[in-house]
Amino acid sequence: MRFTFVTLFPELLKGYFEASILGRAIERGSFAVDFCNPRAFTEDKFNRVDAPMVSGGAGMLMTPQPLYDTLQHILDEDPEAHIVFPLPVGKPFVQNDAKRHAKQYRHIVYVCGRYEGIDERVIERFADECLSIGDYVLTGGELAAAVMCDATARHIEGVLGNSDSLHEESFESTLLEAPAFTKPVTFRGSAVVSEFLKGNHSKISDLKKQMALCKTQYFRPEIIKKAEA
Ligand code: SAM
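So, how was this worked out
- Residues numbered from 1 in each chain as written.
- Predicted model: local features only at pLDDT ≥ 70, side-chain atom pairs only at ≥ 80, totals over all residues.
- Heavy atoms only, no water.
- 1 Å grid on protein atoms, 1.4 Å probe; cavity = no way out; pocket = protein on both sides within 12 Å on 5 of 7 lines; lining within 4 Å.
- Points joined across faces, edges and corners; volume = space filled by probe spheres on them.
- Helix = DSSP H or I, 4+ residues; strand = E, 2+ residues; numbered from the N terminus.
- Nonpolar A, V, L, I, M, F, W, Y, C, P; charged D, E, K, R; others polar.
- Domains from an automatic or database assignment.
- Axes fitted to C-alpha atoms, helices over the stretch in contact; angles between N-to-C directions.
- Parallel < 35°, antiparallel > 145°, perpendicular 65-115°, else oblique.
- Contact = heavy atoms within 4.5 Å.
- Near = heavy atom within 4 Å.
- Polar contact = N/O pair within 3.5 Å; in protein donor to acceptor, adjacent residues only side chain to side chain.
- Areas by Shrake-Rupley, 256 points an atom, 1.4 Å probe, with all protein chains shown as cover.
- Buried < 20%, exposed > 50% of the residue type's maximum accessible area, 1.4 Å probe, protein only.
- Pairing = 2+ DSSP bridges.
- Core = buried A, V, L, I, M, F, W, Y, C linked by side-chain atoms within 4.5 Å.

Structural notes on the layout of surface pockets
To locate leftover empty space, one rolls a probe as large as a water molecule over the atoms. Within this model, the largest pocket holds a volume of roughly 710 Å³. Together, 19 residues line the largest pocket, and Val94, Gln95, Phe171, Arg220 and Ile223 are the ones closest to its centre. For the lining of the largest pocket, the elements supplying multiple residues, two or more each, are helix H4 (95-104) and helix H9 (221-228). Residues that form the lining of the largest pocket fall into these classes: eight nonpolar, six polar and five charged. When residues of the lining of the largest pocket are assigned to domains, at least three map to each of domain 1 (2-153) and domain 2 (170-228). The computed volume of the second largest pocket comes to approximately 600 Å³. Along the wall of the second largest pocket there are 24 residues; nearest its centre are Glu168, Glu177, Ala178, Pro179 and Lys208.

Observations concerning the packing of helix H8 (residues 201-219) against H9
At their nearest, the axes of H8 and H9 sit 5 Å apart, and the two run at 105° to each other. In terms of axis orientation, H8 runs roughly perpendicular to H9. When H8 is examined against H9, the residues Leu213, Thr216, Gln217, Tyr218 and Phe219 are found in contact with a partner set consisting of Pro221, Ile223 and Ile224. Counted by class, the contact of H8 with H9 contains six nonpolar, two polar and no charged residues.

Here's the deal with the site of the ligand
Taken together, the neighbourhood of the ligand is formed by 18 residues, with Pro86, Glu116, Gly134, Tyr136 and Leu138 sitting nearest. Within the backbone of Leu138, a nitrogen or oxygen atom sits 3.0 Å from a nitrogen atom of the ligand. For the ligand, the protein covers 84% of the area, taking 580 Å² as the surface of the free molecule. At the level of elements, strand E5 (82-92), strand E7 (129-132) and helix H6 (141-153) are the ones that each hand at least two residues to the shell around the ligand. The greatest single-element share of the shell around the ligand, amounting to three residues, is contributed by E5. Residue composition of the shell around the ligand, grouped by class: ten nonpolar, seven polar and one charged.

Side note on the pairing of strand E1 (residues 2-6)
Judged by how many residues are buried, E1 sits mostly within the fold: four of five residues are covered. With five bridges connecting them, E1 and strand E6 (residues 107-111) associate as parallel partners. Looking across to E6, one finds that Phe5 is bridged to Tyr110.

Details of the environment of Glu157
Position of Glu157 relative to the elements: it lies in the loop between H6 and helix H7 (164-167). Separated by 31 residues in the primary sequence, Glu157 and Phe126 have C-alpha atoms spaced 29 Å apart.

Regarding the nonpolar core
Counting 23 residues, the largest nonpolar core has Phe3, Phe5, Phe31, Tyr110 and Ile156 as the members making the most contacts within it. Looking at this core, the elements that each hand over two or more residues are E1, helix H2 (20-28), H4, E6 and H6. At six residues, the largest contribution of residues to this core is made by H6. If sequence neighbours within four positions are ignored, Phe5 has contacts with Leu13, Phe17, Val33, Asp34, Phe35, Cys36, Tyr110, Cys112, Ala145, Ala146 and Cys149. If you look at the next biggest cluster of nonpolar residues, it comprises 19 residues, including Ala81, Ile83, Val122 and Phe126.

Brief notes about the sheet that holds E7
As summarised here, the arrangement of the five strands in space is E2-E1-E6-E5-E7, forming an open sheet in which the pairing is parallel. One side of each edge strand has no neighbouring strand; the edge strands of this open sheet are strand E2 (32-36) and E7. Neighbour to neighbour, the strand axes of the sheet diverge by 30° on average, direction disregarded.

Right, here's the structure in full:
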């Protein structure tokens, strides 16, 4: 699988994909990441990629021509590329979208906005999906795109050392993940749940379910309400 980030600031993202689990997965060839900078496509003689809004108002918008030509270039090379615009106004990106993306697409392109955003005509022409990572506004789409890419890449075969961990995680069922503990058994006076040490797997599993239920009720009661509806 391949992910392309259309961004004016590729340096913001490169390091993220060089380290840890994702960096190693890329080295092994489980997936690939590349970057395409719309500034390389601008026809403006001063290399500009932004302009004031024609309606007036604060701030600048990314102009259509550099982005239009960048995305057309990507589609000419790969007509099946799936183009995602991370936007605060998009549909909420959730775990099922990450799984769906990993399963359905070979090549995902994230178009990272900057300034006050992107000229709407580019979105209308190229967007296969518009997705938001939450109800707040970031300065640019790079973090949002990295979040979606990271969540998606975990579902590509071979990326995680032990794919079993995917099935036990939050958002895989109607419950969030139960609290987890590691060594030492007692840390600064605080001991782990003693039942976890006794090796009775069915008891441990029941207890984890109860704890997961408490956690979900406390932090995200709406998940339980939705499942019951
Ligand atoms: N003026 C826009 C609005 O009010 O909806 C906000 C533009 S924001 C400053 C610049 C860019 O950051 C957006 O084009 C988008 O790519 C990205 N962005 C900001 N918040 C986001 C979010 N919650 N989810 C996804 N992308 C976001």
